[in-house]
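# Secondary and tertiary structure notes
The lines below spell out each chain.
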Amino acid sequence: MYKNYKEMQCLICNKVIEETFLNLLSKNKGLCFECENKFKIRNEILFIEGIECFILYYYDSFFRELLYKYKGCYDYVLKDCFLLYNTGYIKKKYKGYSILLAPSSDISEKERGFNHLEEIFKSLEMPIIKCFKKSCEWKQSEKKLSQRANIQNVIKIDKAALLDVKKVLIVDDVLTSGSTIKTMISQIPSNIVKKVLILSS
């Protein structure tokens, strides 16, 4: 165990995490001290359509590049970087909730070989329900801000998947205009689901 720890590599920079004073103080044993400190913790609560949304990080150049390497360059091991700070807190805060994933592009998911959100949030060991789909290929990142509200014509829900679900946690990787989240909220049947919260990295 001790030997394995000394030989552990940082998930981001791949440097060997040596037994230094700074690394021993690290809260995140999967990252070196330098990479850990590049995350700008936000931990802020906003409200979208009157629903509480908890945001974990600031979307700065470091986080944007990290997310691109994970989603765009298919660097699968980076999935473990995004929640390592907050896993325990999130599991406690959202105990009893089921996770609803923001829908991703089918083409991108096939090329990637995995659903990027599903792999990140698996670590929470919470039920994950993929009830939202896109009726056509649509990437919000490629749309102008004025066009993003049109996502409401693209996202569709399978309400049958929520028949036995009372509390849901909507998750997405980035919150910009909020159009995707608002569309998801509008389609969740209030006569079935009694509590909705939002989490964004």
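In short, a report on the structure. (Residues numbered from 1 in each chain as written. Predicted model: local features only at pLDDT ≥ 70, side-chain atom pairs only at ≥ 80, totals over all residues. Heavy atoms only, no water.)

## A few points about the pairing of strand S3 (residues 98-101)
Burial of S3 is two-sided: the residues Ser98 and Leu100 facing one way and the residues Ile99 and Leu101 facing the other way are all buried. In terms of strand pairing, S3 meets strand S7 (residues 167-172) through four bridges, oriented parallel. Paired with Ser98 across the bridge in S7 is Val168. Note that S3 and strand S4 (residues 128-129) share two bridges and pair parallel. What sits directly across from Ile99, in S4, is Ile128. (Buried < 20%, exposed > 50% of the residue type's maximum accessible area, 1.4 Å probe, protein only. Helix = DSSP H or I, 4+ residues; strand = E, 2+ residues; numbered from the N terminus. Pairing = 2+ DSSP bridges.)

## Quick look at helix H8 (residues 179-187)
Burial analysis of H8 places seven of its nine residues in the buried class, which makes it a mostly covered element. Residues of H8 that are buried: Ser179, Thr180, Ile181, Thr183, Met184, Ile185 and Gln187.

## So, the pairing of strand S1 (residues 41-48)
Examined bridge by bridge, S1 and strand S2 (residues 51-57) share six bridges and lie antiparallel to one another. Within S2, the residue paired with Glu44 across the bridge is Ile55.

## Re the side chain of Ser200
Positionally, Ser200 belongs in strand S8 (residues 195-200). Within the structure, the side chain of Ser200 is placed 3.5 Å from the backbone nitrogen of Leu175, a separation counted as a polar contact. Those residues in contact with Ser200, other than ones at most four positions away along the chain, are Phe54, Ile55, Leu56, Asp172, Asp173, Val174 and Leu175. (Polar contact = N/O pair within 3.5 Å; in protein donor to acceptor, adjacent residues only side chain to side chain. Contact = heavy atoms within 4.5 Å.)

## Quick word on the environment of Arg64
By the secondary structure assignment, Arg64 is in helix H4 (residues 61-71). The class of Arg64 is partly exposed, set by a relative accessible area of 39%. Put simply, Arg64 and Val174 are 110 residues apart on the chain and 9.2 Å apart in space, counted from C-alpha to C-alpha.

## Looking at the packing of aromatic side chains
One pass over the structure, following the stated rule, counts 10 aromatic pairs. With a centroid separation of 5.1 Å and 85 degrees between ring planes, the pair formed by Phe39 and Phe62 is classed as edge-to-face. Of this pair, Phe39 sits in the loop between helix H3 (33-36) and S1 while Phe62 sits in helix H4; the two residues are 23 residues apart in sequence, bridging distant segments of the chain. Judged by centre distance (5.0 Å) and plane angle (75 degrees), the rings of Tyr76 and Phe114 are edge-to-face. Here Phe114 lies in the loop between helix H6 (106-112) and helix H7 (116-121) and Tyr76 lies in the loop between H4 and helix H5 (87-93), a separation of 38 residues in the sequence. (Phe/Tyr/Trp six-rings, centres within 6.5 Å; stacked < 30°, edge-to-face > 60°.)

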